[in-house]
Amino acid sequence: MAEILKFPKGFLWGSSTSAYQVEGGIENCDWGNRAGIACDHYNRYEEDFDLIKKLNQNAHRFSIEWSRIEPEPGKFNQKEIEHYRKVLLALKEKNIKSVVTLWHWTNPIWFMKMGGWANKKAVKHFENYTKIIVKEFKYLIDFWVTLNEPMVYITGYSTGRFPPFQKRNIFKARKVFNNLVKAHQKSYQIIHTQYPKAKVSITKLTNYFEPARKWCLIEIFLAWIGHIFWNHWFLKRIKNQLDYIGLDYYFHHRVVWYPPFIRNFNRKTTDIGWEIYPKGIYYVLKYLSKFQKPIFILENGLADAKDKKRKEFIKDHLFWVYKAIDEGIDVRGYCHWSLMDNLEWAQGFEPRFGLIEIDYKTMERKPRSSAYYYAEICKSNCLKIKNYKIKNFSL
Ligand code: BGC
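From a predicted model like this one, the values you see are computed outputs, not experimental measurements.

Reading the values: the criteria
- Residues numbered from 1 in each chain as written.
- Predicted model: local features only at pLDDT ≥ 70, side-chain atom pairs only at ≥ 80, totals over all residues.
- Heavy atoms only, no water.
- Helix = DSSP H or I, 4+ residues; strand = E, 2+ residues; numbered from the N terminus.
- Contact = heavy atoms within 4.5 Å.
- Areas by Shrake-Rupley, 256 points an atom, 1.4 Å probe, with all protein chains shown as cover.
- Lys, Arg positive; Asp, Glu negative; His and termini not counted.
- Charge placed at Lys NZ, Arg CZ, Asp CG, Glu CD.
- Near = heavy atom within 4 Å.
- Polar contact = N/O pair within 3.5 Å; in protein donor to acceptor, adjacent residues only side chain to side chain.
- pLDDT = per-residue confidence, 0-100.
- Salt bridge = Lys/Arg side-chain N within 4 Å of Asp/Glu carboxyl O.
- Buried < 20%, exposed > 50% of the residue type's maximum accessible area, 1.4 Å probe, protein only.
- 1 Å grid on protein atoms, 1.4 Å probe; cavity = no way out; pocket = protein on both sides within 12 Å on 5 of 7 lines; lining within 4 Å.
- Points joined across faces, edges and corners; volume = space filled by probe spheres on them.
- Nonpolar A, V, L, I, M, F, W, Y, C, P; charged D, E, K, R; others polar.

Caption draft 1: Region of interest: the overall build of the chain. Tallying secondary structure elements over the chain gives twelve helices and 14 strands in all. Across its three principal axes, the chain shows a C-alpha extent of roughly 60 × 50 × 45 Å. In the chain, once contacts between residues fewer than 6 apart in sequence are set aside, the share between residues at least 24 apart is 76%. A total of about 17400 Å² of accessible surface is found on the chain, and carbon and sulfur atoms cover 54% of it. For the chain, the distance from the average position of its 64 positive side-chain charges to the average position of its 40 negative side-chain charges is 7 Å.

Caption draft 2: Quick peek at the site of the ligand. Inspection of the region around the ligand gives Gln21, His104, Trp105, Asn148, Glu149, Tyr250, Trp274, Glu299, Trp337, Glu344, Trp345 and Phe353 as its neighbouring residues. In the model, an oxygen atom of the ligand is placed 3.0 Å from a nitrogen or oxygen of the Asn148 side chain. One nitrogen or oxygen atom from the side chain of Glu149 is found 2.5 Å from an oxygen atom belonging to the ligand. Isolated, the ligand exposes 310 Å² of accessible area, and the fraction of that covered by the protein chains is 94%.

Caption draft 3: Spatial organisation of the confidence of the model for the chain. Across the chain, the average pLDDT comes to 97, with 98% of residues at 70 or higher. Of the regions scoring below 50 in pLDDT, residues 390–395 engages in eleven contacts with residues more than four places distant in sequence or in other chains.

Caption draft 4: Region of interest: the pattern of salt bridges. Scanning all chains against the criterion turns up 22 salt bridges. Residues Arg68 and Glu80 are paired through a salt bridge, measuring 3.5 Å at the closest nitrogen-oxygen approach. Taken together, the residues Arg68 in helix α3 (residues 66–69) and Glu80 in helix α4 (residues 78–93) connect sequence positions twelve residues apart. Of the two residues examined, Arg68 and Glu80, each falls in the buried class. Bridged by salt links that share partners, the residues Glu82, Arg85, Lys135 and Glu136 form one connected network.

Caption draft 5: The arrangement of the side chain of Lys94 in detail. The topology assignment puts Lys94 in the loop between α4 and β4 (97–103). Residue Lys94 is classed as buried on the basis of its relative accessible area of 14%. Contacts of Lys94, omitting those with residues within four sequence positions, involve Glu46, Phe49, Asp50 and Lys53.

Caption draft 6: Summary view of the layout of surface pockets. The space that makes up the largest pocket amounts to roughly 780 Å³. The wall of the largest pocket is formed by 30 residues, among which Val152, Arg161, Leu205, Phe251 and Trp274 lie closest to the centre. Of all elements in the fold, only α7 (150–159), α9 (217–237) and β9 (252–255) reach the threshold of two or more residues within the lining of the largest pocket. Tallied by class, residues from the lining of the largest pocket come to 18 nonpolar, eight polar and four charged. In this structure, the second largest pocket spans a volume of roughly 480 Å³. As for the second largest pocket, its lining consists of 20 residues, and the residues nearest its centre are Arg267, Glu275, Ile276, Tyr277 and Pro278. Those elements that place two or more of their residues in the lining of the second largest pocket are β7 (208–211), β9 and α11 (310–326). Here the lining of the second largest pocket gets four residues from one element, more than from any other, and that element is α11.

Right, dumping it as structure tokens:
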């Protein structure tokens, strides 16, 4: 028998992107021009927003590219400001709520030349950039995200997976951590001073850590360490500067006491080998609810070129989101990653995370079958499920 799980009234349903991954034509940032024209979203945003509308989504997360706005220190490019104004107005016109990320990992070249986030002047520069964005767009932005997943950036930066693609020591990484904390705190104040009603957060990639054996003290301890380091540390530092919590959920870690310390069962995986573990979103929501702020899921998705697993992925994750809401956790919305296929950073264009498939030769957009499945959920504000034991949620 099918059961219908109704989400709260006004729940936001959408999908996310970031500038460097979809826009194309970004040349002044530290990732160089490896993205080429990407999905050419910079020129085709109207068409893409029409698709969002057609797919019944009522929210959209995207990022503003700092290197476009401030190509040289202190010099702001009015043409690019007008571009993003048009983007925001297009969303408003279509009645789609905007969730805007100010920094989704890419940095202007001049900023990296002066030492990037390890330089203490970094915070001041980010403040100046924030000031411009608030001054120009404040009423047009519904939800603010100052920083995307700072912990991922810090590890990417120190391991050399992110620009400048060199390994850095722990002291440098610690500086980057502190400067990102400060950048968020300052940026939060600036936004609130000019626009007290603003809803400001970061996105926090929150992973579910569990000891492989519930009785093994060392595994319990290691799972706790992982959780504190990865999930809690940054959030704790900024907990007084959050109007809501932006959650990104992708990973579950089953922790063992021997190297490499993580041993998942991997019964189901994505095209790039990530374990699919829907129940983890329920546990991380429970953890985040301790901060007593509304939660907005701003990323959750998978690489699945053939679209064989995406529908079930969405259904199973939303099932656990529903369970959390049913237990009283204040979840306000869900944005799938991603609206369309895009550049998966160092992994290139191969992984396909999109609800919409992109033909990179013709730039044709084609919603996948799972996009229509998700569209039904967005429209009805309900999840229809079969064969689940609803009462005890025993998946
Ligand atoms: C990032 C995205 C990325 C996605 C999939 C998130 O951590 O914010 O930019 O594409 O994960 O890896």
